[in-house]
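This is what each chain is made of:
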Amino acid sequence: MKKKNKFLDILKIASIETLIFFLIMVFFRIESTWILLATLALIGGTLLYTRIYKKQTESIKALFASNRSTVLIVLVLLLLLYPIVSPIIIPQSTYWTLILIQTGIYIMVALGLNIQLGSTGMMNLASAAFYGVGAYTAGMLALKLNWPALITIPVAGIAAALVSLVLFLPVYKTKGHYLALVTLAFGYMLALAADNIEFIGGPQGLKNIPSINLFGYDFLSKVGNFHFYTNYYYFVLALVILTIIISHRFFNSWIGLTLSYIRDDEPAAKGCGVNSNRWKLLSLTTGCFFMGVAGAIYALMIGFISPPNFQFAQSLLIVSIVIIGGMDNILGVIVGAIILVIIPEKFRVITQYRVMLYGILIVVVLLSRPRGLIPFGARKYEASVLGARNGKEGPDGNK
Amino acid sequence: METNKKKIFYTKDIEMRFGGLYALSEINIDIFEDELLGMIGPNGSGKTTFFNVITGFYKPTSGSFYLMGEKLTGKEPFEIAKKGISRTYQISRLCLDLTVLDNILIGTHLKQSTGYFTTLFNKKKLMKEVDEYKEKAIHLLKIFNPAIIERLYEPVGGLPQIDRRRVEVSRAMIAAPKIILLDEPSAGMSPDETEVFMDDIRKIRAEMTNVTIMIIEHDMSVISSVSERVVALNFGKKIAEGTYKEVFNNKEVRKAYLGEEYNHE
C-alpha cells in the first residue's frame, strides 16, 4: 500500500513538473503580443489560486517538500532532455538554448554574490567586473597561450579571487553603504582598465577566443543534428549543478552558520570566537572565485568579449537576482536568475516597453515580498541537496 | 573571604577613559575559580564597560588584565573568547531570524571544523560534529526549559523573552568557558520570571562545575540569592567588595544607591 502511494506521489510530481516544462517551452515559442499577455495572465491566475486555495497549495507544497529527491531527479532528467525536445516545439530553439546557458552562467555568478551578500551581508556592486576578470583571464590564456579549458577555467576563478583579495584587503572592514560605494568604484575601475589596456584588447576586446576542447572533443562540433550550443548547454548544466551542491554544502555547515552570524550580529559572533575579519575576506574571495569561473565559461563559449559586457548594468542585474530571488537561499537565487534573465529576453517582443515592464516587475516583487521571493529558510544542516538525512530524527530531537 | 579557591583572573588598575570621562578608573578586581561573583552599582557606574573591557570590545586606556596568568589586554574579542571568557549582553544579542539551534551552535565555533576541505569532502566528519553539538545544545535546553526543544528549528525571535535569555546563556555555556559573564540577565523580566531565572542560575552552577560566573545585576534579590561574593562600582570606581551582606551594608554603597543616610530595616 505504501509503495503504491509513493509511486502515485512520484507520478504526481513528475506530471506537474513535465507540465510546467512544456508550458515553459510554449512560453518560449510565443511571439505574438496578445498570447504573451495571456501567458502572463496565466501566471497571475496561478498566483491568485495559491492565495485563495491555500489548502490545495499547501498540500502540493508538502508533496514536493517531502519528496525532494524525486523532484530533483525529475528536474535533472527534464533538463537533460531539453535540448533534444525543444527543437520539436520551438522553431527558434537554438536562441533559447543560448539564453538558458546564459541563465546558468548568471546563476553561477549570482551564487557567488550570494555568499558575499546573502550569507555574509556584504554588498558587492562589482560582480560583473570580477566576472570580467575571469572572462579576460580565460580569454587571454586561451587566445595567446592556447591553454586548455580545464586549466583556464579554474585559473580564471583564482585570478578573480586574487584580484578581489588585492582590492578588498584595504577596505573590507568597512560596512554597509561605504562598502557598497567602494565596490561601485572597483567596478568602474576594472571596466575602465579593460577599456584602456591595449594588451587585453582595449575597447575592441578579445575576439576569436578558442572554444572549449575537452579531451579532443571540440565544443564547436555539432551534436548529431543539434547545434553546437548543445555541448555548452550540458557543460554549463553540469557546472551549475556542481555550484549548487557546493553552495548547499556551505550553507548547511559551520561555514554557513558563521557567515550568517557575522551578517546578523557581528559583535556577538566575535564574542563567540569568530575572527570575523578573516571570514569576511574568505567570503569575498570565494564569491569572486565563482564569478571568475562563470566569466571564463562565457568567454570560451561566445568567443568574443569586450568591456561593454562587464559594466555596472550587469552588476546591478546580478545584485537584483540575489535581492529579488531571495538572499542566502539557493533556490531563491535560481528563481531570481530565471525571472530576471529570461523574462526580459521574452519581452524583447515588446521591445519598446521592455525596460519599463522589467522595472515594474522589480517594484511589484519588492513590494509584495520585501525579503525576496524565497527568503532563506531554517538551516537544517542537511547532508545533501537531495534532502533531509535518511534515518535521522526530526526537529524534536527524540531519537 | 575564603582564599582556598584559586585566583584565575585579575585586573590591574584598569582605566577606561572616553575623552574626559573616566568610565572606569583604578579597577582592581580578582575572580576566583568556581565562584559566583556579583557586580552591582547604579546606572552608569561602569559595570557593562567593565565587561566590555575584559572581553576586548573596548581597549582600556591603561591597566591590564590576566586570565590564568596570561595577559589578555589588547587582544581582540575573538581571541579572548578563545582563551575562555564567554558572555551575554545587556540587551540580548541573538540573531532573531536564525533558528534557536543556530544561535546556540555558534557558541561551539572554536571547536568546529570550519575548513573548506572538511565541508566539501568530509561530510561524515561534519555531520558527526553537528550531531554531537546538537546533542549538547538539547542537553542544555533540557535543563532550562524542554519546551524550547520543540522549537529548535524556528527563528529565535519567536520565543518569549525569558526563553531567548536562556538561549543566549546556553550559547555562552556550550563553549565550556572558564568564566561566564552575565550582563543583567534578568532585565525585563517580571518578578515571577526572575524567580525562575534564579533557579536557572543554580542549574547552571550544578551543570557546569569549575566554571566561574560573574553576574551584573540591578535586581538585588537575584544578587543576594545566588552570589557568593559581590563587588560594587560607582562612577567607575570599586567602592566595596565582600559578601552580599557586607556590601549591602557598606556606607558608600548605600550612599550611591539611596543618596544620603537611610535606615534600612
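Residues numbered from 1 in each chain as written. Chains lettered and ligands numbered in written order. Predicted model: local features only at pLDDT ≥ 70, side-chain atom pairs only at ≥ 80, totals over all residues. Heavy atoms only, no water.

Caption draft 1: The interface of chain A and chain B, seen in detail. With 40 residues of chain A at the interface, the matching set in chain B holds 39 residues. The junction of chain A with chain B conceals about 3,700 Å² of combined surface from both sides, 64% of it contributed by carbon and sulfur atoms. Contact with chain B buries surface across chain A, with A:Arg249, A:Trp254 and A:Tyr261 losing the most and accounting together for 21% of the total. There are 2 salt bridges connecting chain A and chain B. Between A:Asp265 and B:Arg93 there is a salt bridge; the shortest N-O distance is 3.0 Å. Counting the contacts that link chain A with chain B gives 11 residue pairs in polar contact (both at pLDDT 80 or more). Residue assignment for the side of chain A that touches chain B shows that the elements contributing at least two residues are helix 9 (229-251), helix 10 (254-264), helix 11 (266-271) and helix 12 (276-302) of chain A. Each residue belonging to the side of chain A that touches chain B can be placed in one class, and the counts come to 17 nonpolar, 10 polar and 13 charged. (Contact = heavy atoms within 4.5 Å. Buried area = accessible area lost by both parts, 1.4 Å probe. Salt bridge = Lys/Arg side-chain N within 4 Å of Asp/Glu carboxyl O. Polar contact = N/O pair within 3.5 Å; in protein donor to acceptor, adjacent residues only side chain to side chain. Helix = DSSP H or I, 4+ residues; strand = E, 2+ residues; numbered from the N terminus. Nonpolar A, V, L, I, M, F, W, Y, C, P; charged D, E, K, R; others polar.)

Caption draft 2: View of empty space enclosed by the protein. Residues and elements named next belong to chain A. Tallying each qualifying case throughout the model produces 5 cavities of 30 Å³ or more. A volume near 90 Å³ is recorded for the largest cavity. In terms of lining, the largest cavity is formed by Leu111, Asn114, Ile115, Ser119, Ser247, Phe250, Phe251, Gly256, Leu259, Asp328 and Ile330. Mapped onto the lining of the largest cavity, the elements with two or more residues apiece are helix 5 (93-119), helix 9 and helix 10. At 4 residues, helix 5 tops the list of elements feeding residues into the lining of the largest cavity. (1 Å grid on protein atoms, 1.4 Å probe; cavity = no way out; pocket = protein on both sides within 12 Å on 5 of 7 lines; lining within 4 Å. Points joined across faces, edges and corners; volume = space filled by probe spheres on them.)

Caption draft 3: View of the nonpolar core. Among the nonpolar cores identified, the biggest contains 153 residues, and A:Ile105, A:Ile153, A:Phe168, A:Ile297, A:Ile305, A:Ile321 and B:Val100 are the most heavily contacted of them. Sorting elements by how many residues they give to this core places helix 12 of chain A first, with 14 residues. In contact with B:Val100, other than residues within four places in its own chain, are B:Leu141, B:Ile148, B:Arg151, B:Leu152, B:Glu154, B:Val156, B:Leu159 and B:Val167. Ranked by size, the runner-up nonpolar core spans 25 residues in total, among them B:Ile29, B:Ile54, B:Phe65 and B:Leu67. (Core = buried A, V, L, I, M, F, W, Y, C linked by side-chain atoms within 4.5 Å. Buried < 20%, exposed > 50% of the residue type's maximum accessible area, 1.4 Å probe, protein only.)

Caption draft 4: Here's a closer look at the pattern of salt bridges. Under the definition given, this model contains 23 salt bridges over all chains. The closest approach of N and O atoms between A:Arg68 and A:Glu382, which form a salt bridge, is 2.8 Å. Taken together, the positions of A:Arg68 in helix 4 (residues 68-89) and A:Glu382 in the segment after helix 15 (354-368) put the pair 314 residues apart, joining distant regions of the chain. Since its relative accessible area comes to 30%, A:Arg68 is described here as partly exposed. Salt-bridge contacts for B:Lys59 lead to B:Glu76; the nearest nitrogen and oxygen are separated by 3.4 Å. Highlighted residues: B:Lys59 in the loop between helix 1 (47-54) and strand 5 (62-67) and B:Glu76 in the loop between strand 6 (70-71) and helix 2 (77-83), separated in sequence by 17 residues. The class for B:Lys59 is partly exposed, based on a relative accessible area of 35%. The structure contains a network of salt bridges with shared partners spanning B:Lys5, B:Asp34, B:Arg205 and B:Glu228.

Caption draft 5: A look at the confidence of the model for chain B. The pLDDT averaged across chain B works out to 91; a share of 97% of its residues lies at or above 70. Among the prediction metrics, the complex's ipTM stands at 0.92, with pTM recorded as 0.91. (pLDDT = per-residue confidence, 0-100.)

Caption draft 6: Highlighting the side chain of A:Asn67. All names here are of chain A. Among the structural elements, Asn67 can be located in the loop between helix 3 (54-66) and helix 4. Taking relative accessible area as the criterion, Asn67 reaches 4% and is therefore assigned buried. Setting aside its immediate chain neighbours within four residues, Asn67 contacts Lys6, Asp9 and Ile13.

Caption draft 7: Representation of the pairing of strand 8 (residues 179-183) of chain B in the model. Residue and element names in this part refer to chain B. Counted residue by residue, strand 8 has 5 buried out of 5 residues, so it is predominantly covered. The side-chain alternation of strand 8 yields two buried faces, one formed by Ile179, Leu181 and Asp183 and the other by Ile180 and Leu182. As paired elements, strand 8 and strand 9 (residues 212-216) share 5 bridges and run parallel to each other. Its bridge partner lying in strand 9, Leu182 is registered against Ile215. Running through helix 7 (residues 191-207), the crossover from strand 8 to the neighbouring parallel element strand 9 is right-handed. (Pairing = 2+ DSSP bridges. Right-handed = clockwise from strand over helix to strand, strands pointing away.)

Caption draft 8: Inspection of the layout of surface pockets at higher detail. Computed from the structure, the second largest pocket encloses a volume of approximately 540 Å³. Taken together, 21 residues line the second largest pocket, and the ones lying closest to its centre are A:Leu242, A:Ile246, A:Phe289, A:Phe290 and A:Val293. Residue assignment for the lining of the second largest pocket shows that the elements contributing at least two residues are helix 7 (149-168), helix 9 and helix 12 of chain A together with helix 4 (116-121) of chain B. The element contributing the most residues to the lining of the second largest pocket is helix 9 of chain A, with 8 residues. Looking at the lining of the second largest pocket residue by residue, the class counts come to 17 nonpolar, 3 polar and 1 charged.

Caption draft 9: Local environment of the side chain of A:Thr120. Residue and element names in this part refer to chain A. The residue Thr120 is located in the loop between helix 5 and helix 6 (127-145) in this model. Judged by relative accessible area, which is 3%, Thr120 ranks as buried. At a separation of 2.8 Å, a polar atom in the side chain of Thr120 contacts the main-chain carbonyl oxygen of Ile115. A polar side-chain atom of Thr120 sits 2.8 Å from a polar atom in the side chain of Ser283. In contact with Thr120, not counting residues within four places along its chain, are Ile115, Leu259, Ile262, Arg263, Lys280 and Ser283.

Caption draft 10: View of the sheet that holds strand 4 (residues 36-40) of chain B. Residues and elements named next belong to chain B. Spatial ordering of the open sheet is given by 7-8-9-4-10-11, a layout of 6 strands whose pairing is mixed. The open sheet has two edge strands, strand 7 (85-87) and strand 11 (237-242), and neither has a second partner. The sheet shows a mean angle of 20° between the axes of neighbouring strands, taken without regard to direction. Bridge analysis of strand 4 against strand 10 (residues 229-234) gives 4 bridges, and the strand direction is parallel. Its bridge partner being in strand 10, Leu37 is matched across the sheet by Arg229. Docked against the sheet, helix 10 (residues 251-258) engages strand 4, strand 10 and strand 11, running at close to 125° with respect to strand 11. (Axes fitted to C-alpha atoms, helices over the stretch in contact; angles between N-to-C directions.)

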